[in-house]
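Okay, here's what each chain looks like letter by letter:
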Amino acid sequence: VGLGLCPCGALLARRGGALRALCGSVRGLAAGPETHFGFQTVTEEERREKIYQVFESVAKKYDVMNDSMTLGIHRVWKDILMHKMNPCPGTLLLDVAGGTGDIAFRFINYVRSVRERQLQRKLKDHQSLSWQEISESYQEDKSKSLGDSQVVVCDINKEMLKVGKQKAQHLGYSEGLSWVLGNAEELPFDDDKFDVYTIAFGIRNVTRIDLALQEAYRVLKPGGRFLCLEFSHVSNPVLSRLYDLYSFQVIPVLGEVIAGDWKSYQYLVESIRRFPPQEELKAMIEDAGFLKVDYQNLNSGIVAIHSGFKL
């Protein structure tokens, strides 16, 4: 019997159509809500995958490209971040999306220099000690050059961590440093664990910034500090036009010349433009529960350092 002549068949056909429509809508739900990858509209899952590929692709040339793109100024911005943090010996730092170790190495250097100054002051205060006592005290303190400080570098990308570990080995950093593969939106750490959480040039590559901020809040101890260094929005209209010209015309070309990768650097530029401006990010940090939230613009807002406390 032809399908069209049988009422049961017609019913089944209708149900089949409804079922197909339902499956389609379920598939739509499974694909996840839409977001952006640079100027493209993609699902959240696609975005995560694409960003992973970008950083896998640029990992080996990441440091060289940072120097080329920012004319080396990114080093100064990271130094300013460290001075703003002003860590003391004993600080436990979590650096998220810090695969190549730039913040971690600065943290170790900073804490070491604080320890060194403390040690010199201590020896000055003990003028009456014998040479042997001074020597023993110095050796003992020197062996704990970080004073129980620790930095945990957490990055979602295996290639970036690999580059960071190689750099650490090459530069002689081992004490007080560990590397963890993990997602900023779902950190593999206990609650109330760290004194400071940093994320430098990483938060704009997180698919769900709100989740990453909630996780930052969760893993910080009460009294802990959140610090975020990120490209932001330039307030000066003339500088803004020049900056746009440089970003869109020069940076992708540098990416092609230095890293053989035009597309990844085109994405990085577009992602900066799609990132929330300073006040909007400040509100998001407050929504996650942080207090005393403020930000400091560097170079007219080309980058900004946002700071907040878990109180």
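Below is a summary of the structure that appears in this document. (Residues numbered from 1 in each chain as written. Predicted model: local features only at pLDDT ≥ 70, side-chain atom pairs only at ≥ 80, totals over all residues. Heavy atoms only, no water.)

1. Quick notes on the pairing of strand β8 (residues 291-298)
Bridging between β8 and strand β9 (residues 303-309) involves six bridges; their strand directions are antiparallel. When the sheet's bridge partners are listed, tyrosine 295 is paired in β9 with histidine 306. If you look at the hairpin formed by β8 and β9, you'll find four residues sitting between the two strands, and asparagine 299 has a positive phi there, around 50 degrees. (Pairing = 2+ DSSP bridges. Helix = DSSP H or I, 4+ residues; strand = E, 2+ residues; numbered from the N terminus.)

2. Notes on the nonpolar core
Among the nonpolar cores identified, the biggest contains 34 residues, and Trp77, Phe107, Val151, Leu177, Leu229, Phe231 and Val303 are the most heavily contacted of them. The leading source of residues in this core is helix α5 (residues 102-125), at eight residues. Not counting the four nearest positions on each side in its chain, leucine 177 is found in contact with Ala104, Phe105, Ile108, Gln150, Val151, Val153 and Ala168. The next biggest cluster of nonpolar side chains, apart from the first, holds 27 residues, and it includes Leu92, Ile209, Ala216 and Leu281. (Core = buried A, V, L, I, M, F, W, Y, C linked by side-chain atoms within 4.5 Å. Buried < 20%, exposed > 50% of the residue type's maximum accessible area, 1.4 Å probe, protein only. Contact = heavy atoms within 4.5 Å.)

3. Some remarks on the sheet that holds strand β3 (residues 92-96)
A sheet is described by the order of its strands in space; here seven strands give the open sequence β5-β4-β3-β6-β7-β9-β8, paired in mixed fashion. Only two strands of the sheet have a single partner each, and these edge strands are β5 (177-181) and β8. When the angles between neighbouring strand axes are averaged without regard to direction, this sheet yields 15 degrees. As paired elements, strand β7 (residues 220-231) and β9 share seven bridges and run antiparallel to each other. Bridging across to β9, phenylalanine 231 finds its partner in valine 303. Contacts between α5 and the sheet are confined to β3, β4 (150-155), β5 and β6 (194-200), with β4 contributing the most and set at about 175 degrees to the helix. (Axes fitted to C-alpha atoms, helices over the stretch in contact; angles between N-to-C directions.)

4. Structural notes on helix α2 (residues 44-58)
With 15 residues, α2 extends 21 Å between its outermost C-alpha atoms, agreeing within 8% with the 21 Å of an ideal straight helix rising 1.5 Å per residue. Those residues of α2 that fall on the buried side of the exposure criterion are Glu44, Arg47, Ile51, Val54, Phe55 and Val58. Mapping the buried residues of α2 onto a view down its axis gives an arc of 85 degrees, with all of them on the same face. (Expected span 1.5 Å × (residues − 1). Arc of directions from axis to C-beta.)

5. A few points about the pattern of salt bridges
All chains considered together, the criterion is met by 17 salt bridges. When the shortest N-O distance is used, the salt bridge between arginine 218 and aspartate 191 registers 2.7 Å. Separated by 27 residues along the polypeptide, arginine 218 in helix α8 (residues 209-219) and aspartate 191 in the loop between β5 and β6 bring together distant segments of the chain. A relative accessible area of 22% places arginine 218 in the partly exposed class. Across the pair arginine 204 and glutamate 230 runs a salt bridge, and its minimum N-O distance is 2.7 Å. Of this pair, arginine 204 sits in the loop between β6 and α8 while glutamate 230 sits in strand β7, placing them 26 residues apart in sequence. Summarising the burial analysis for this pair, arginine 204 and glutamate 230 share the class buried. (Salt bridge = Lys/Arg side-chain N within 4 Å of Asp/Glu carboxyl O.)

6. Quick look at the packing of aromatic side chains
Considering all chains together, one arrives at 10 aromatic pairs under this definition. With a centroid separation of 5.5 Å and an interplanar angle of 25 degrees, the aromatic rings of tyrosine 197 and phenylalanine 226 are classed as stacked. Pair noted here: tyrosine 197 is in strand β6 and phenylalanine 226 is in strand β7, with a separation of 29 residues, a long-range link. Exposure remark for phenylalanine 226: the relative accessible area of 1% places this residue in the buried category. Considering the side-chain rings of tyrosine 217 and phenylalanine 290, the 5.1 Å spacing of their centres and the 80 degrees angle between planes classify their relative orientation as edge-to-face. (Phe/Tyr/Trp six-rings, centres within 6.5 Å; stacked < 30°, edge-to-face > 60°.)

This is a description of form; function is not addressed.
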